[in-house]
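What follows is the residue order along each chain.
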Amino acid sequence: MHAEKNIWYPFGQQKTSRDPIFITHGKGSKLYDADGKSYIDAISSWWTNIHGHAHPYIADAVNRQFHTLEHVIFSGFTHAPAEQLAEKLLEHLPTFSKVFFSDNGSTAVEVALKMALQFWKNSGKDKQGIIALDGAYHGDTFGSMSVSERDAFTAPFHALLFDSIYLPFPGSHPDAAIEQMRRACASGNIAAFIYEPLVQGAAGMQMYPPEILDQLIRIAKEHDVLCIADEVMTGFYRTGSLFASDQCKEKPDIICLSKGITGGSMPLSVTLCKQEIYDAFYSDEKGKAFWHGHSYTGHPLACAAALASLELLMLPSTQEAIQRIVKRHHAAEALLASSGKFENVRQCGTILAVDIPVKDPGYFSNIRDDIYYSALEKGVLLRPLGNAAYVLPPYCISDEELDVVYNTLFEL
Ligand SMILES: Cc1ncc(COP(=O)(O)O)c(C=O)c1O
């Protein structure tokens, strides 16, 4: 039971962090520890879980696939789960025509960036600039860190990251964002604009409206800048629509999906692109190919899980559950706002967030640990981002469980 002796855990100072909670099993929206205590997973285990833990339908699909084909090299070989998943995803995302597989959100972004940059090189225009948003978080690999906000997490590597151009956050400075977008695009050297549509997750569930994003994308398109929607967090109904980009009139050229794609059960990601992008790589010249791949690219078990998860997602009962959460969040938002205890109470689809007023609101603010541990004691897994507490639940969460989570927020 002393796993912590051997493991170096992510995202935490190992010296000062408390011992991790030993989870023995999960069921629905609950996790159970070795002492039998249960926790409502109000943050979907790093925003991945959408149908609940240990879902039998997904487990059966993975089990069946394991007995048929667990893995095969994805170069020179292919298999049914990947082919079927690509087809299904393209049905839901008809502006795209190719699906590139990788295995987590950061690599989906790496693929998108490399695709965009090489697209321009292959097209004879060596554009290299990338525009991102203040507060952006696109992952922890070097490329994805390079297009993310420079902060304490990336500080040891700043000298090695490539420069990106950051627009002011459009939710708080829409005019400045648009003005700076115009100026940056006018340079003629911008390859791509990358954004988390409607909600910046790691920045503290910061929200901005589709109309402003539409304007930014329009400017990008007028200047031949490829648009990359990082929907690693926002995909699969988090924002109320299947993809956040569905709420925008202007569509991206490339989209990155991960987290909820397998219902939170297995590591998988995809980067989808438009036909024109693929065409720039399609050539008799080997050097124009996209030389990128990972050992577990297109993993059959993960693809089987994703297919099962998509089926569950489209069931009328799941669609009703999503609408129920959206409605209940809306009612809770009004109550939280009128309580006067919180700032910036906000909701986008199944995401509800509040800021706790504190003197030092940064990510390392003590309030984060206070909230985290006091909620755990009450049997609720909330994992604030600095002073921003949020609810982003699996869609199977019951009304009673949601009430427990809302009450935990009220009592903060
Ligand atoms: C918008 C966004 N992009 C990329 C990532 C990175 O995903 P992963 O942790 O799977 O590498 C995250 C993770 O939180 C994310 O929220």
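Analysis parameters
- Residues numbered from 1 in each chain as written.
- Predicted model: local features only at pLDDT ≥ 70, side-chain atom pairs only at ≥ 80, totals over all residues.
- Near = placed C-beta within 6 Å.
- Helix = DSSP H or I, 4+ residues; strand = E, 2+ residues; numbered from the N terminus.
- Nonpolar A, V, L, I, M, F, W, Y, C, P; charged D, E, K, R; others polar.
- Domains from an automatic or database assignment.
- Contact = placed C-beta atoms within 7 Å.
- Core = buried A, V, L, I, M, F, W, Y, C linked by C-beta atoms within 7 Å.
- Buried ≥ 20, exposed ≤ 12 C-beta atoms within 10 Å, placed from the backbone.
- Expected span 1.5 Å × (residues − 1).
- Axes fitted to C-alpha atoms, helices over the stretch in contact; angles between N-to-C directions.
- Parallel < 35°, antiparallel > 145°, perpendicular 65-115°, else oblique.
- Left-handed = near helix turned anticlockwise from the far one by under 90°.
- Pairing = 2+ DSSP bridges.

Asks: I'm lost on the site of the ligand in this one. Help?
Replies: Around the ligand sit 14 residues, and of these Asn-104, Gly-105, Ser-106, Gly-139 and Val-232 come closest. Here the shell around the ligand gets three residues from one element, more than from any other, and that element is helix α4 (residues 105-122). Classifying every residue of the shell around the ligand by side-chain character gives five nonpolar, seven polar and two charged.

Asks: Help me out: how do you make sense of the domain arrangement of the protein in this one?
Replies: A common way to express how large an interface is: the accessible area buried when the components associate. Segmenting the protein into domains produces domain 1 (3-55 + 316-410) and domain 2 (59-313). Every contact between the two is made by 25 residues of domain 1 and, on the other side, 22 residues of domain 2. Elements with a contribution of two residues or more to the side of domain 1 that touches domain 2: α1 (44-47), α10 (316-338), β13 (343-348), β14 (351-355) and β16 (388-391). Across the side of domain 1 that touches domain 2, the residue classes break down as 14 nonpolar, ten polar and one charged.

Asks: Quick question: what am I supposed to make of the nonpolar core here?
Replies: Soluble globular proteins tend to pack their nonpolar side chains together in the buried interior. Counting residues in each nonpolar core, the largest one holds 121 residues, and the members touching the most others are Ala-112, Ala-116, Ala-192, Phe-193, Ile-228, Ile-254 and Ala-305. In terms of residue count, the dominant contributor to this core is helix α9 (residues 300-314) (eleven residues).

Asks: Whenever I open this one, α4 confuses me. Can you help?
Replies: Each turn of an α-helix holds 3.6 residues, which means side chains three or four residues apart point in the same direction. Taking 1.5 Å per residue as the helical rise, α4 with its 18 residues ought to reach 26 Å, and the 25 Å between its terminal C-alpha atoms agrees with that figure. Within α4, 14 of the 18 residues are buried, which leaves the element mostly enclosed by the surrounding structure. The first or second residue beyond α4 is Gly-124, which carries a positive phi of 80°.

Asks: I keep staring at unusual backbone geometry and nothing clicks. Help me out?
Replies: For Phe-236, which is not a glycine, the phi torsion comes out positive at approximately 65°. Position of Phe-236 relative to the elements: it lies in the loop between β10 (226-230) and β11 (254-257).

Asks: Got a minute to help me understand the packing of helix α3 (residues 80-92) against α9 in this structure?
Replies: In a packed pair of helices, the relevant descriptors are the angle between the two axes and the axis-to-axis distance. Contact geometry for α3 and α9: axes closest at 8 Å, N-to-C directions at 40°. It follows from the interaxial angle that α3 and α9 lie oblique. Crossing angle aside, the handedness with which α3 passes α9 is left-handed. In contact with Pro-81, Ala-82, Gln-84, Leu-85 and Lys-88 of α3, α9 contributes Pro-300, Cys-303, Ala-304, Ala-306, Leu-307 and Leu-310. For the contact of α3 with α9, the class distribution of residues is nine nonpolar, one polar and one charged.

Asks: Would you take a moment to explain the sheet that holds strand β7 (residues 190-195) for this structure?
Replies: Adjacent strands of a sheet form backbone hydrogen bonds with each other and so pair up, either parallel or antiparallel. Across the sheet, seven strands lie side by side as β4-β12-β11-β10-β7-β5-β6; this open sheet has mixed pairing. Strand pairing shows two members of the sheet lacking a second neighbour, β4 (98-102) and β6 (165-167), which therefore form its edges. The average undirected angle you get between the axes of adjacent strands in this sheet is 20°. Pairing of strand β5 (residues 129-133) with β6, which is carried by three bridges, proceeds in the parallel orientation. Looking across to β6, one finds that Ile-131 is bridged to Ile-165. The strands touched by helix α6 (residues 174-186) are β5, β6 and β7; relative to β6, the strand with the most contacts, the crossing angle is about 155°.

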